[in-house]
Amino acid sequence: QVRHSPLIDDQHNIYVTTIARIRKFSSSGDLIWTWECPLEEGQLDASPALYEQSLLFYASTGPVGRTLTLFSLDLQSGTVKWRQFVQDTYSCHCDSPSVFAYNGTMVIPLASTDPSFANKSNTLYAVSTQDGAPFWKYIADEATWNFQGSTPGDGTILFGSQCGRAYRITFGGALVWKSGPTPSTTPGVKCSTGGGALGPNGVFYVNSNHFADPTGGAYVDAYRVSDGTLLWSKKFDARHQGWQYPAVGKLGPGGPLAVVAPVGGITSFQQKVLEGDLQLLNAVVALDAATGEELWRVEEAPWPNAVAAGDEFQLQIERADNRKDPRSELFCLPDIQGIPLLAGDGTVYASSSHNGDLRAIRDTNGNGKIEPGEVSVFSTKQCFLNSPSLAQGMLVAAPCWGPMYVFKE
C-alpha cells in the first residue's frame, strides 16, 4: 500500500514508500535499490523527507502505543547512515504524517503522553539530521492528525491542528504564537485530518473542521505569520468538509495567488450504497489568498459508495487471503483527496480519494471559470491517500493500491 506522495530528487530519481519498503527508481523506471524495514522494527507510517544526500523517515512497532526508530538512508546506496530509537515514553499516531527537515533539524510528530488526547499527536520531537541526537520537543494544546510542517526560512516552524488552530514555534522548540479556535476540553476529539500550508505572502492557511461546529462544513482560516492575527475565514456547507490540507500558489505566471482547498465528504469502513443527499461530494475550490473570495470550483460526480474505490470488502478478503507480510494492510481508508498540487503554469492536479481519478485543472482562457474542456481526467480506479509529485517535465502519481504512474513531457 502506498500512503504517501512519491518523492523526486534533483536527478529525477523517484522514491516510493510503502508500509514495509522504500524503493528508488530512475526517471526511466529502472529499480535502483530497495530498502526493507526489518520486521522487528515495524512499519513505515510517515512520508519521508529528502534532505541533502539523505532520506529521513521513521518506523513504528507495537500495538496502539507504538515505539519509534528514526532512520537516515544514503540516497545513492540505500544503506542506513544512522538509526536512533525514540524513548518508549512516546509513541506515534500512525496514519499518514510527514517528516519535516530543515536547518539541520528533523521534526516528527509523537502521540501525547496525556491519556485525554486518546493517543493522538500533540508533541513535536526534533533531532539532528546528522546523527539523530535529540534537540528538543514542543507540546501543543491541541492534536495534529497528519502533521506537516512549514517554514518561512526565518528560524521558525508553522503547523496547523486538526481543529483549525495555527502554531508558530522556533527551531529551539519555543512558542512564538498560537491562534485560532479555542481548544476542546476533550483534546482527543477528532475534528478533521486537515492542517495548514504557508503562502509566499506571509500568511498561513489552515483547512479543517472546527470543534465548535461539528455538523458544519470546512473552514479555511488565514493567519498572518508575523503575529498570528486571523485575517479572514471562509466557511463551507455541511457536505463540503475539511478533511485535507490546502495548497497555496499562483494560478499561472500572471494569475492570482490562490489557496486551493479540497472539501467534501469522507469515506469509511461501511460497505453500503449511498443514495440522494447521502452521496459524498468532493470539490477542489480556489480562493483568493488575500480575501478568501471563491475564484472557481470543480466538483466531482457524487460518490455513491461509503467506501473508497479499492477498499471494497471483496478486495479486502482477497488481500487477506494473499497476504505474505503481516504488515500489509487490507484497506486504505483515505481522506477526501490528496493535497492539491499546483504547477508553475497554473495547473492544479487533484487526486480523488473517492473514485481514484487524477485530474488536471487549468483556467486556460483566463476567464476565471473552469469549463469542461479545461479539466482532463486520468482514471486509476484506485483511491489516492496523497498527492502526485512534480518535477521539471515529470509528474508522478501513486494511488493507494498502485501502480505508480509517471507522465513525461
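First, a word on what this report is: a plain description of the structure on this page. (Residues numbered from 1 in each chain as written. Predicted model: local features only at pLDDT ≥ 70, side-chain atom pairs only at ≥ 80, totals over all residues. Heavy atoms only, no water.)

## Here we look at the state of the cysteines
Heads up, the rule is: Count a disulfide wherever a pair of cysteine sulfur atoms falls within 2.5 Å. Counting from the N terminus, the helices are DSSP H or I runs at least four residues long and the strands are E runs at least two residues long. Burial classes follow relative accessibility: with a 1.4 Å probe on protein chains only, a residue under 20% of its type's maximum area counts as buried, one over 50% as exposed, and anything between as partly exposed.
What the rule picks out here adds up to 2 disulfides. There is a disulfide in this structure between Cys-163 and Cys-191, and the S-S distance comes to 1.9 Å. Residues Cys-163 and Cys-191 share a disulfide whose torsion about the S-S bond is about 85°; that sign makes it right-handed. In this pair, Cys-163 sits in the loop between β14 (156-160) and β15 (166-170) while Cys-191 sits in the loop between β16 (175-179) and β17 (195-198), placing the two residues 28 residues apart along the sequence. For the pair Cys-163 and Cys-191, a shared accessibility class is recorded, and that class is buried. With a sulfur-sulfur separation of 1.8 Å, Cys-332 is cross-linked through a disulfide to Cys-400. With a gap of 68 residues between them, Cys-332 in the loop between α1 (313-322) and β25 (341-342) and Cys-400 in the loop between β30 (394-397) and β31 (405-408) connect regions that are remote in the sequence. Accessibility classification places Cys-332 together with Cys-400 in one group, the buried group. Cys-332 provides the cysteine sulfur closest to Cys-383, a residue in no disulfide bond, and the two sulfurs are 4.0 Å apart. For Cys-383, a relative accessible area of 0% puts it in the buried group.

## Considerations on the packing of aromatic side chains
The criterion, for reference: Under the pairing criterion, centres of Phe, Tyr and Trp rings, with the six-membered ring standing for Trp, must be within 6.5 Å; the plane angle then separates stacked pairs below 30 degrees from edge-to-face pairs above 60, leaving the rest tilted.
Evaluation of the coordinates by the stated rule reveals 13 aromatic pairs. For the ring pair Tyr-138 and Phe-159, a centre distance of 6.4 Å and an interplane angle of 70° mean the geometry is edge-to-face. With Tyr-138 in strand β13 (residues 134-144) and Phe-159 in strand β14, this pair connects stretches of sequence that are 21 residues apart. For the pair Tyr-138 and Phe-159, one class covers both residues: buried. A ring pair is formed by Phe-147 and Phe-159, whose centres lie 6.0 Å apart and whose planes are at 65°; its orientation type is edge-to-face. You can see Phe-147 sitting in the loop between β13 and β14 and its partner Phe-159 sitting in strand β14, a full 12 residues away along the chain. Overall, Phe-159 belongs to the buried group, its relative accessible area being 1%.

## Thoughts on the environment of His-240
Convention followed: In this analysis, two residues are considered to be in contact whenever any of their non-hydrogen atoms come within 4.5 Å of each other. Between N or O atoms, a polar contact is any pair within 3.5 Å; within protein, one atom must be a potential hydrogen donor and the other a potential acceptor, and residues adjacent in sequence are included only when both atoms are from side chains.
Topologically, His-240 is positioned in the loop between β20 (230-235) and β21 (247-250). For the pair formed by His-240 and Asn-282, sequence separation is 42 residues and the distance between their alpha carbons is 7.0 Å. For His-240, the contacting residues outside a window of four places in its chain are Gly-217, Ala-218, Val-263, Gly-264, Leu-281, Ala-283, Arg-297 and Glu-299. Separated by 2.7 Å, the side chains of His-240 and Glu-299 make a polar contact.

## Section: unusual backbone geometry
One can expect most non-glycine residues to show negative phi and most peptide bonds to be in trans. In this structure, the amide linkage connecting Gly-402 to the following residue, Pro-403, adopts the cis form with an omega of -5°. The backbone of His-12 shows a phi angle near 70°, a positive value even though the residue is not glycine. Inspection of the secondary structure assignment puts His-12 in the loop between β1 (7-8) and β2 (14-17). Residue Leu-333 is not a glycine yet carries a positive backbone phi of 50°. Of note, Leu-333 is situated in the loop between α1 and β25.

## Looking at the side chain of Arg-3
Position of Arg-3 among the secondary structure elements: in the segment before β1. A distance of 2.6 Å separates the side chain of Arg-3 from the side chain of Asp-95, its partner in a polar contact. In this structure, Arg-3 is in contact with Thr-17, Ile-19, Asp-95, Ser-96, Glu-329, Phe-331, Cys-332, Leu-385 and Asn-386, ignoring residues within four places of it in sequence.

## Remarks on the pairing of strand β18 (residues 203-208)
Here is the rule we go by: Strands qualify as paired when DSSP identifies two bridges or more between them.
Burial of β18 is extensive: 6 of the 6 residues sit out of reach of the surface. Side chains Val-203, Tyr-205 and Asn-207 project from β18 onto one buried face, and the interleaved Phe-204, Val-206 and Ser-208 project onto a second face that is buried too. Hairpin connection between β17 and β18: a loop of 4 residues separates the two successive antiparallel strands, and Gly-202 in this loop has a positive phi of roughly 75°. In this structure, β18 lies alongside strand β19 (residues 219-224), joined through 6 bridges in antiparallel fashion. Considered in β19, the bridge of Tyr-205 is made with Ala-222.

## Thoughts on the layout of surface pockets
Taking a probe equal in size to a water molecule and rolling it over the atoms shows the remaining empty space. Condition: Cavity: a set of points on a 1 Å grid over the protein atoms alone where a 1.4 Å probe fits but cannot get out. Pocket: an open set with protein on both sides within 12 Å along at least five of seven lines, its lining residues, like those of a cavity, having an atom within 4 Å of a point. Grid points are joined across faces, edges and corners, and a volume is the space filled by probe spheres set on the points.
Approximately 880 Å³ is the volume found for the largest pocket. Ser-5, Ser-98, Gln-148, Ile-339 and Ser-387 are, among the 35 residues lining the largest pocket, the residues nearest its centre. Breaking the lining of the largest pocket down by element, the ones donating at least two residues are β6 (49-51), β10 (100-102), β17, β21 and β29 (389-391).

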